[in-house]
Amino acid sequence: MRNISKFREAGLLAFIFILCIFIQFKNPSFLSLENINDLLTNTAILSILAVGMMMVLLTAGIDLSIGSTLALSGMTAALVVSNNPELSPIVAILIGVAVGTVCGLIVGFLVSILGVFPIIASLGMMNVFRGLTFMISGGKWVSAHQMSDSFKAIATSSVLGINTLIFIAIIIYIVFYYFISYTRTGRQIYAVGSNVASAKISGINTKKTLLLVYTLMGTLSGLAGVLWVSKFASAQGDTATGYELNVIAACVLGGVSVAGGYGKVSGLLVGALLLGILNNALPLINVSPFWQNAIQGVIILAAILMNALVKRHATKENLMRRKI
Amino acid sequence: MENKRIIENKKQFNLKQFFFQWEWMLVAVFIIVNIMNTSLSPYYLSFSGIMDASMTFLDKAFMVLPMVFIIILGDIDISIASITALSSVIMGVAYNMGLPMPLAILLALTVGAVCGFINGTLIVRFKELPAMIVTLSTMTIFRGIAYIILEDQAAGKFPEWYSYLGWGYVGPIPFMLIAFIVFAVLFGLLLHKTTFGRSVYGMGNNITACRYSGIKTDKIKVIVSTLMGVMAAVTALFLVSRTGSARPNIAIGYEMDVIAMVVLGGISTLGGKGRMLGAIISIFIIGLLRYGLGLINVPAQALMIIIGIILIIAVTIPNINLDKLTKKKVAA
């Protein structure tokens, strides 16, 4: 299995490499520092969410509510900021994170304690959170002039010469890479996803693990919500509608198995990057925006089908070897 | 001596079991919704009002019927709204290019069937991929093609008679409702009274056992997916007839509504459980709830919250272990 995953990532990286050369050939401004910065800033939010989604998918679950959680926490933070312009942006971020965590906790409670299927629990809460977003805003937008400059600066400022969004994404990747790969709780997530029954028998508190995973997903969505609102300088009721599917696509591209138990942070990074490049580069080489959806879809489909074929081949090889 | 053993096939009628069915609970909810609506608004309880209202939510109901099959199989299809968009766009463009309307409608149905067939074939050929992921990518592709064809334009100016589909009445009853009832009966018979339907249940419970017992599981899955595609195109016909024009961004989010209705109808996403009747009742519960609360000016967003909560309560109730609650703990 290890070989396949390496092959996968190498394959995806090679694909990204060829894609970049091709785009660079078509439009020389693609690999300029400015554009790369742009690209990474745009991918940051997606990749933050992808980390959370990966943990959920590892447990063989799914969370469709994150687009709504993102909107709700972003809207809450924006409303608070527009009423208290003097508020420090750190507090705004904390508010968003808190709202997101509560949302995640609710979904996690439904899934782990009440035993509702993840797809149904998150589908229901998706409606609830989206409705709440509209309710608290009264259907109105919070637009740029209502937000304080310091709040908008979250997305435009830079730390150590890198844009804050990218900086935050990097921190999150480092923290979660460590968490998922090297801590006991992190490894337990894999165990729960591969085989719930045996995980339970071997003494893992599966309910707690599930609750934790969905709560973390909510926390990250909350953070992403504030970043989103600050980046686009507007909070709307329909912010990020359907974004959950983009995030799932990034995970799948990155080799995370939706059936649970399989996926790596490094693969995830590559998957998110590929989606980011596609979003950024297609307009640069004058592909009509109306083609983008279809192209993205075809690439996702090709990637998952390739993945399946490669895996099949590897299993066959393994079986052949066993016979001898 | 003849030694024949007759296996009793008919289940004993059990009153308790009969009343503790999901469908009865749905009927109760349905009645509660209606009583609530009537007491909240004096305008609710009128035959023509409800008939009019039914036309606003019945378009997606056509997709609920085959979705029941898909979820009983243990799969899921989230590309259906995109199929609706694609077939409506192709129908509109074909008509505007001079194809006669009946042929354009036929074309739309064919497009739906082809899309469904593609989904089904992919799911069958790549069994290791969950249906959710396959349809996630085809969802992007189908709507993407719709955008390529029509960009941000709309296709329309359909002939006069076409609007009858979505707006017409047969006597006091909307044509759409009649069409829905016909389809519902057909799909209900297919699910509950044919070998095909029984195989679908069997496959939802144990697909390997079904394959070994000689059921052509792949073929059934492809047929069900194709039916799903066709019904998504049927939805497109009615939806476009109501809105008057075909655009690539129609029916966004319908897939979630449809899945919510099916699940509320007591059909388990694990597969193998549930009945057509439940899904049909839940269509009317959600539809009439929306209509009734709309009459008293509850904002649409509050409705989303209510529907979300109903959905979760509905699927949580069967999970609560009644035995655990009623039985006293035995002292060890």
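Residues numbered from 1 in each chain as written. Chains lettered and ligands numbered in written order. Predicted model: local features only at pLDDT ≥ 70, side-chain atom pairs only at ≥ 80, totals over all residues.

**Student:** Whenever I open this one, the overall build of chain B confuses me. Can you help?
**Tutor:** Looking only at helices and strands, chain B features 15 helices and four strands. Within the span of chain B, comprising 332 residues, buried residues form 47% of the whole. Within chain B, counting contacts between residues at least 6 apart in sequence, those at least 24 apart form 79% of the total. (Helix = DSSP H or I, 4+ residues; strand = E, 2+ residues; numbered from the N terminus. Buried ≥ 20, exposed ≤ 12 C-beta atoms within 10 Å, placed from the backbone. Contact = placed C-beta atoms within 7 Å.)

**Student:** Help me understand the overall build of chain A, please; the structure alone is not making it clear to me.
**Tutor:** Secondary structure summary: chain A contains 13 helices and two strands in total. Computed over C-alpha atoms, the radius of gyration of chain A comes to 20 Å, within 12% of the 20 Å expected from 2.2 N^0.38 for 324 residues, which places it in the range of a compact globule. When each of the 324 residues of chain A is scored for burial, the buried share is 48%. A fraction of 79% describes how many contacts in chain A between residues 6 or more apart in sequence connect residues 24 or more apart. (Rg over C-alpha atoms; globule rule 2.2 N^0.38 Å.)

**Student:** Before we go on, may I ask you to explain the nonpolar core in this structure?
**Tutor:** The nonpolar side chains of a soluble globular protein tend to be buried, and buried together. The biggest cluster of nonpolar side chains holds 195 residues, and the ones touching the most others in it are A:Ala50, A:Cys251, B:Val64, B:Val68, B:Val262 and B:Leu311. The greatest single-element share of this core, amounting to 14 residues, is contributed by helix H11 (residues 217-243) of chain B. Leave out the neighbours within four places in its chain, and A:Ala50 touches A:Val247, A:Ala250, A:Cys251, A:Leu268 and A:Ala272. (Core = buried A, V, L, I, M, F, W, Y, C linked by C-beta atoms within 7 Å.)

**Student:** What exactly am I supposed to notice about unusual backbone geometry here?
**Tutor:** The general pattern is negative phi for most residues beyond glycine and trans for most peptide bonds. All names here are of chain A. Of note, Ala233 is a non-glycine position whose phi angle comes to about 50°, a positive value. The topology assignment puts Ala233 in the loop between helix H10 (206-232) and helix H11 (243-253). Looking at Ala233, the number of C-beta atoms within 10 Å reads 17, which means it is partly exposed. The backbone of Asn286 shows a phi angle near 60°, a positive value even though the residue is not glycine. Relative to the helices and strands, Asn286 is located in the loop between helix H12 (265-284) and helix H13 (289-323). Given 8 C-beta atoms within a 10 Å radius, Asn286 is considered exposed.

**Student:** I'm lost on the confidence of the model for chain B in this one. Help?
**Tutor:** Caution is warranted with low-pLDDT regions, since their predicted coordinates should not be read in detail. Within chain B, residue pLDDT values average 86, and 89% of them lie at 70 or more. Interface confidence in the predicted complex, given as ipTM, is 0.80; pTM for the same model is 0.85. (pLDDT = per-residue confidence, 0-100.)

**Student:** I would appreciate a short explanation of the packing of helix H12 (residues 254-264) of chain B against helix H13 (residues 276-295) of chain B in the present structure.
**Tutor:** When two helices pack together, their arrangement is given by the angle between the helix axes and the distance between those axes. Residue and element names in this part refer to chain B. Across the interface, H12 lies against H13 with an axial gap of 7 Å and an inter-helix angle of 120°. With respect to their mutual orientation, H12 and H13 come out oblique. Viewed along their axes, H12 and H13 form a crossing whose handedness is right-handed. Contacts between H12 and H13 pair Met261, Val262 and Leu264 from the former with Ala279, Ser282, Ile283 and Ile286 from the latter. Its residues assigned to classes, the contact of H12 with H13 shows six nonpolar, one polar and no charged. (Axes fitted to C-alpha atoms, helices over the stretch in contact; angles between N-to-C directions. Parallel < 35°, antiparallel > 145°, perpendicular 65-115°, else oblique. Left-handed = near helix turned anticlockwise from the far one by under 90°. Nonpolar A, V, L, I, M, F, W, Y, C, P; charged D, E, K, R; others polar.)

**Student:** Just to check I follow, could you spell out the interface of chain A and chain B for this structure?
**Tutor:** One frequent convention defines the size of an interface as the accessible area lost when the parts assemble. Taken together, the 37 residues of chain A in the interface contact 34 residues of chain B. For the side of chain A that touches chain B, the elements supplying multiple residues, two or more each, are helix H5 (118-137), H11 and H13 of chain A.

**Student:** Teacher, can you tell me more about helix H14 (residues 300-316) of chain B here?
**Tutor:** Counting along an α-helix, one turn takes 3.6 residues, and residues three or four places apart therefore face a common direction. Relative to the 24 Å expected for 17 residues at 1.5 Å per residue, H14(B) spans 24 Å between its end C-alpha atoms, a close match to the ideal helical length. Burial in H14(B) covers these residues: B:Gln301, B:Met304, B:Ile305, B:Ile307, B:Gly308, B:Ile310, B:Leu311, B:Ile312, B:Ala314 and B:Val315. Buried residues in H14(B) make contact with helix H4 (89-113) and H5 of chain A together with H12 and H13 of chain B. (Expected span 1.5 Å × (residues − 1).)

**Student:** Help me out: how do you make sense of the environment of A:Val226 in this one?
**Tutor:** Residue and element names in this part refer to chain A. Of note, Val226 is situated in helix H10. The exposure class assigned to Val226 is buried, which follows from the 29 C-beta atoms found within 10 Å. Sequence spacing of Val226 and Ser82 is 144 residues, and the spatial spacing of their C-alpha atoms is 13 Å. Other than its neighbours up to four places away in sequence, Val226 contacts Ser73, Gly74, Ala77, Ala92, Ile93 and Gly96.

**Student:** Hey, could you run me through the environment of A:Gly124 in this one?
**Tutor:** Position of A:Gly124 relative to the elements: it lies in helix H5. A residue is classified by how many C-beta atoms lie within 10 Å of it, and A:Gly124, with 29 of them, is buried. For A:Gly124 and A:Val226, which are 102 residues apart along the polypeptide, the C-alpha to C-alpha distance reads 23 Å. Not counting chain neighbours up to four residues away, the residues in contact with A:Gly124 comprise B:Gly308, B:Leu311 and B:Ile312.

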